[in-house]
Every structure is written in structure tokens, then in C-alpha cells.
Amino acid sequence: MASVSWRWRLYQGQKKSKEALPYYQEALEYIESSKGEKSLECVPVLRELAGVEQALGFHNSCINHLLQAHLIVLNKYPSQEEAANSAHVVAQAAVASGRPEHHDAAEQYFQESMANLKDAGEMGRAKFLLIQDEFCHFLKITGQEERAFCILKESLEAKVETFGDFSPEVAETYRLLGGADLAQGNHSRAHKKLNKCLQIQTLLYGPQDKRTLATQQTVDVLSK
């Protein structure tokens, strides 16, 4: 097993995903036969194998292996954060496939991940809000902009409480909400939100940062 382990780590390190694939598969077979298919030792290998499959475009296999790892984690009485992280990995893989047939899985595991974090204390709340932002991005790219912006709007107060008034998370939320108002033709509301975003970006990144300059340009246009 030592030689197998060494070889598949080496191949992965060299980014030769195609050549690495059989070594990950061999390692998984070894652990499953020696430790059992429900052993926690299978989880990191399943996730590594899924990463190689994703790089090769084998999205169904990737998601299936991540689901297999997720079920193992859930059967071992994980903490809320461990369960959330495991579901989040599945959601990310479903989104990364770019395939409509994986949209339901993406939403299901985003929701599962967030549900595990809702009552997980201060650290859990911060992670919840970051995953919620990912979920909103997923909603936007799948044509559910109105739902995404409704969630973002509701999240603003919690982000201020969690990350602070002058934080990247709050700035980005103002930027996205301002962009949504602009797209709907509500220039007054867009100007107010984007101006708030600009103030935060200027403090965080400086006036010459590309993010600040891009927002400044939009605010200037809206001010005319």
C-alpha cells in the first residue's frame, strides 16, 4: 500500500489527473477492503478521487463519490459544522458541473449545509452567510435573480452584525443589490447602495483599486 500511496500522491502533485485516477481508485479499493466501505478513512480518498474526476469532466462520478463520502460522515454523528462542510462540498461539485440535471442536487445540499449552520453559534453564522452568498450566486446563474436578491437583501443586517459595517462582505452585498436596482431601472436606489459600497471599498482597498474604480465609474454615471 505504501508504494500505491506514494505513486498516486506524486501523480496528483504533478497535476496528471488522467494518470492519477487509477491510483486513487486502487487506494480506495484497498481502504474499503481493509477498513470497510463505511470507514471514515474512505472519506479523504473519496474526496481526492472526486477532485480528479471533476478535473477530467467526469461530473456524475465526482458527485456520486462526494455523496458516498457525505453519507459516511453523516453516519458517524458529525458536529453541525462537519455535516455542513460535507454537504457544502457536494453542492459546490454540483454547481461546478454546469449541468442543469445537477441543479436540484446543488440546491438540496446548499440548503442542507445552511440548515446545519443556522444554530451553530457565532462562527457558524459567519460560515452560514458565506455559503448563503454562494447559493445566491448559484441562483443568479440559473436564472433565479429575484430570489437571489431577496435573500441578499435580507442578509445585509446579519452581515453588518457578523462582519462589521466596513467589511468586504457588506461592500459586496451593497454592490450586488445596487446592480440589481440598476438593472430594474431604479437609479435612485442603485445610486444609494453603490455609493455606500464605494465608501466601504475606498476604506478597505483604497481609491485606486480596480474594484473601487469600477464602482466609482458607475456612481459617477448615476450622479449625472
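This text follows the structure it describes.
Here is a short report on the structure shown in this document. (Residues numbered from 1 in each chain as written. Predicted model: local features only at pLDDT ≥ 70, side-chain atom pairs only at ≥ 80, totals over all residues. Heavy atoms only, no water.)

**Some words on the nonpolar core**
And step 1. Core analysis: the largest hydrophobic core is formed by 36 residues, its most contacted members being F110 and F135.
And step 2. Counting residues per element, the ones that place at least two in this core are α4 (59-74), α5 (80-97), α6 (103-117), α7 (121-141), α8 (145-163), α9 (168-183) and α10 (187-205).
And step 3. Ranked by residue count, the leading element in this core is α7, at seven residues.
And step 4. Apart from residues lying up to four places away in sequence, F110 is in contact with H88, A91, V95, I131, E134, F135 and F138.
And step 5. Among the nonpolar cores identified, the runner-up in size contains 15 residues, and A20, C42, V45 and I72 belong to it. (Core = buried A, V, L, I, M, F, W, Y, C linked by side-chain atoms within 4.5 Å. Buried < 20%, exposed > 50% of the residue type's maximum accessible area, 1.4 Å probe, protein only. Helix = DSSP H or I, 4+ residues; strand = E, 2+ residues; numbered from the N terminus. Contact = heavy atoms within 4.5 Å.)

**Quick notes on the side chain of S97**
And step 1. The topology assignment puts S97 in helix α5.
And step 2. For S97, a relative accessible area of 12% translates into the label buried.
And step 3. For S97, the side chain forms a polar contact with the main-chain oxygen of A94, separated by 2.9 Å.
And step 4. Side chain to side chain, S97 and H102 meet in a polar contact 2.7 Å long. (Polar contact = N/O pair within 3.5 Å; in protein donor to acceptor, adjacent residues only side chain to side chain.)

**Describing α9**
And step 1. In a regular helix each residue adds 1.5 Å, so 16 residues correspond to 22 Å; α9 covers 22 Å between its end C-alpha atoms and thus fits that length.
And step 2. Among the residues of α9, V170, A171, T173, Y174, L176, L177, G178, A180 and D181 are the ones counted as buried.
And step 3. For α9, the elements touching its buried residues are α7, α8 and α10.
And step 4. A positive backbone phi angle near 85 degrees is found at G185, which sits one or two residues after α9. (Expected span 1.5 Å × (residues − 1).)

**Some details on the environment of H70**
And step 1. Within the element layout of this structure, H70 appears in helix α4.
And step 2. Residues in contact with H70, not counting those within four places in the same chain, are A83, S86, A87, V90, Y109 and E112.

What is shown is where atoms sit, not what they do.
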